Amino acid sequence: MKRRTFLSSTALASLGVLLTRCGFAATSEDKNETQLNAPAKKPVVVSTWIHGMQANKAAWALLSTKKSSLDAVEQGVRITESDAENRSVGLGGNPDRDGNVTLDACIMNHESECGAVAYLQNIENPISVARKVMEDTPHVMLVGKGAEEFAYNQGFPKKDLLTEGAKEAWLKWKESEDLKKPEINHENHDTIGMLAIDQDGNLSGACTTSGWAYKLPGRVGDSPIIGAGLFVDNEIGAACATGMGEAVIRIAGSHTVVELMRQGKTPNEACKLAVERIISKHKDLKDLQVGFLALNKNGEAGAYSTYAGFNYAYTDNEKAELIDAGYEMEW
Ligand code: ASP
């Protein structure tokens, strides 16, 4: 039996407008058919890039046993942070120009509580420090030495994050002509952002990165900034970003995506409009890769990027797959 009821009378269509404004119901394809009583899909977890497949597995182990979306996103992205082979998140991440690995992360729950750390060194799992900031301090963000001290006081062990592989690549980069030019291109912008809705219908998100490879010392990107790299509004949906953080910050990217969903856009449409906004605010689009990923309160996901190549891992009760995002331009 079909669980979805489609109605298209004028009276109900205007009711549909109301529902749409609440962030539910009609997609752009449904323009003439207002979808009522659509069952919310849950749990669902999505995360950026192919490394999201492994991270989603860890998150799904919790979501499928009715644990909270907050626990799921934290445990999920910790997998990527602890993967020494991954050059753009946590342990093994590319260092800054001077060879220091500095990490940015943030987390946000369904009650709009949030925590973040930026320019954090020597700690393998910044996402868990961000959660501690959220839960154990009156603050939202700690940075640098203060964040590191806080982590030690909370019992996080000190760890050298510069792996041999990352060090070798950095030394090679130092010898190259491109010294002083940080690198961000389609091969190395691999922040993990993860969004989840749990069995209770609550949304949470996490975002964590080692940032722009060989960045200037002190640089902080979008990933730890609530509203830029990540935003969650439990009434509407959640969004996260990857790619050139400077561009994402300029338009308060993830917050923009959530607000567009509040206006009735589907996750896909909202991500596309945010990408178009970024494009309209930049004179030079060369190598300006930015991708947005969104999940709405109905458990529907969508993603979009400036350039081709962005994808995201999607997991629900029926499937676990890697999905290619829509994009504006070919490389
Ligand atoms: N958004 C990150 C930053 O600008 C980069 C990335 O996605 O890898 O720090």
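Please refer to the structure higher up on the page.
Keep in mind it's a predicted model, so treat the numbers as computed, not measured. (Residues numbered from 1 in each chain as written. Predicted model: local features only at pLDDT ≥ 70, side-chain atom pairs only at ≥ 80, totals over all residues. Heavy atoms only, no water.)

A.B. asks: Explain the sheet that holds strand β7 (residues 192–197) to me, please; I cannot follow it from the model alone.
C.D. replies: Strand pairs in the sheet, formed through backbone hydrogen bonds, run parallel or antiparallel to each other. With mixed pairing, 8 strands are arranged side by side in an open sheet as β6-β5-β4-β8-β7-β3-β13-β14. Since the sheet does not close on itself, it has two edges, and those belong to β6 (141–143) and β14 (320–324), each with one partner. Each neighbouring strand pair of the sheet contributes to a mean axis angle of 10°, computed without reference to strand direction. Looking at chain direction, strand β13 (residues 311–315) and β14 are connected through 5 bridges and run antiparallel. Residue pairing across strands places threonine 315 opposite alanine 320, the latter belonging to β14. (Pairing = 2+ DSSP bridges. Helix = DSSP H or I, 4+ residues; strand = E, 2+ residues; numbered from the N terminus. Axes fitted to C-alpha atoms, helices over the stretch in contact; angles between N-to-C directions.)

A.B. asks: Can you help me understand the site of the ligand in this one?
C.D. replies: Around the ligand sit 13 residues in total, of which Thr191, Arg219, Asp222, Gly243 and Gly245 are the nearest. The backbone of aspartate 190 places a nitrogen or oxygen atom 3.0 Å from an oxygen atom of the ligand. Here a nitrogen atom of the ligand and a backbone polar atom of glycine 243 are 2.7 Å apart. Summarising the interface, the protein chains cover 100% of the accessible area of the ligand, which totals 270 Å² for the free molecule. Looking at the shell around the ligand residue by residue, the classes come out as 1 nonpolar, 9 polar and 3 charged. (Near = heavy atom within 4 Å. Polar contact = N/O pair within 3.5 Å; in protein donor to acceptor, adjacent residues only side chain to side chain. Areas by Shrake-Rupley, 256 points an atom, 1.4 Å probe, with all protein chains shown as cover. Nonpolar A, V, L, I, M, F, W, Y, C, P; charged D, E, K, R; others polar.)

A.B. asks: I'm lost on the environment of aspartate 104 in this one. Help?
C.D. replies: If you trace the backbone, aspartate 104 turns up in strand β4 (residues 103–108). Overall, the relative accessible area of 0% leaves aspartate 104 in the buried class. The spatial distance from the C-alpha of aspartate 104 to the C-alpha of threonine 208 is 5.8 Å, given a sequence separation of 104 residues. Not counting residues within four places of it along the chain, the set of residues in contact with aspartate 104 comprises Val117, Ala118, Tyr119, Cys207, Thr208, Thr209, Val220, Gly221, Ser223 and Pro224. A distance of 3.3 Å separates a polar side-chain atom of aspartate 104 from the backbone nitrogen of glycine 221. (Buried < 20%, exposed > 50% of the residue type's maximum accessible area, 1.4 Å probe, protein only. Contact = heavy atoms within 4.5 Å.)

A.B. asks: Could you clarify how one ought to interpret the nonpolar core in this entry?
C.D. replies: For soluble globular proteins, the rule of thumb is that nonpolar side chains tend to be buried together. Among the nonpolar cores identified, the biggest contains 47 residues, and Val46, Leu195, Leu230, Val257, Val290, Phe292 and Leu293 are the most heavily contacted of them. The element best represented in this core is helix α9 (residues 267–280), accounting for 6 residues. Counting residues in each nonpolar core, the second largest holds 29 residues, with Ala55, Trp60, Ala196 and Ala206 among its members. (Core = buried A, V, L, I, M, F, W, Y, C linked by side-chain atoms within 4.5 Å.)

A.B. asks: Honestly, the packing of helix α2 (residues 51–63) against helix α3 (residues 69–81) in this entry has me stumped. Any pointers?
C.D. replies: For any two helices packed against each other, one specifies the crossing angle of their axes together with the interaxial distance. At a closest axis distance of 7 Å, the pairing of α2 and α3 adopts a crossing angle of 145°. Two packed elements cross with a definite hand, and for α2 against α3 that hand is right-handed. On α3, the residues that touch His51, Gln54, Ala55, Ala58, Ala59, Leu62 and Leu63 of α2 are Ser69, Asp71, Ala72, Gln75, Gly76, Ile79 and Thr80. The residue inventory of the contact of α2 with α3, partitioned by class, reads 7 nonpolar, 6 polar and 1 charged. (Left-handed = near helix turned anticlockwise from the far one by under 90°.)

A.B. asks: What exactly am I supposed to notice about the packing of aromatic side chains here?
C.D. replies: For any two aromatic rings, the description comes down to two numbers: the centre-to-centre distance and the angle of the planes. Tallying each qualifying case throughout the model produces 3 aromatic pairs. Look at tryptophan 49 and phenylalanine 310: their rings are 5.0 Å apart centre to centre, the planes differ by 65°, and that puts the pair in the edge-to-face class. Note that tryptophan 49 is positioned in the loop between β3 (44–48) and α2 and phenylalanine 310 in the loop between β12 (301–307) and β13, a separation of 261 residues in sequence. For the pair shown, tryptophan 49 and phenylalanine 310 are each scored as buried. (Phe/Tyr/Trp six-rings, centres within 6.5 Å; stacked < 30°, edge-to-face > 60°.)

A.B. asks: Mind showing me how you'd approach the packing of α3 against helix α4 (residues 126–136) here?
C.D. replies: Packing of α3 against α4 brings their axes to within 8 Å, and their N-to-C directions diverge by 150°. Here α4 runs roughly antiparallel to α3, going by the angle between their axes. Judged by residue contacts, Leu70, Asp71, Glu74, Val77, Arg78 and Glu81 of α3 engage Pro126, Ile127, Ser128, Arg131, Met134 and Glu135 from α4. Its residues placed into classes, the contact of α3 with α4 shows 5 nonpolar, 1 polar and 6 charged. (Parallel < 35°, antiparallel > 145°, perpendicular 65-115°, else oblique.)

A.B. asks: Sorry, what's going on with the sheet that holds strand β9 (residues 230–233) here?
C.D. replies: Read across the open sheet, the 5 strands follow the order β9-β10-β11-β12-β15; overall the sheet is mixed. Edge strands, defined here as strands with exactly one partner in the open sheet, are β9 and β15 (326–329). Each adjacent strand pair in this sheet contributes to an overall mean axis angle of 10°, direction not counted. In this sheet, strand β10 (residues 237–243) lies alongside β9 in antiparallel orientation, the contact comprising 4 bridges. Paired with aspartate 233 across the two strands is glycine 237, which belongs to β10. This element, helix α8 (residues 253–262), spans β9, β10 and β11 (290–296) of the sheet and lies at about 145° to β10. Contacting β11, β12 and β15, α9 runs over the sheet at an angle of about 20° to β12.

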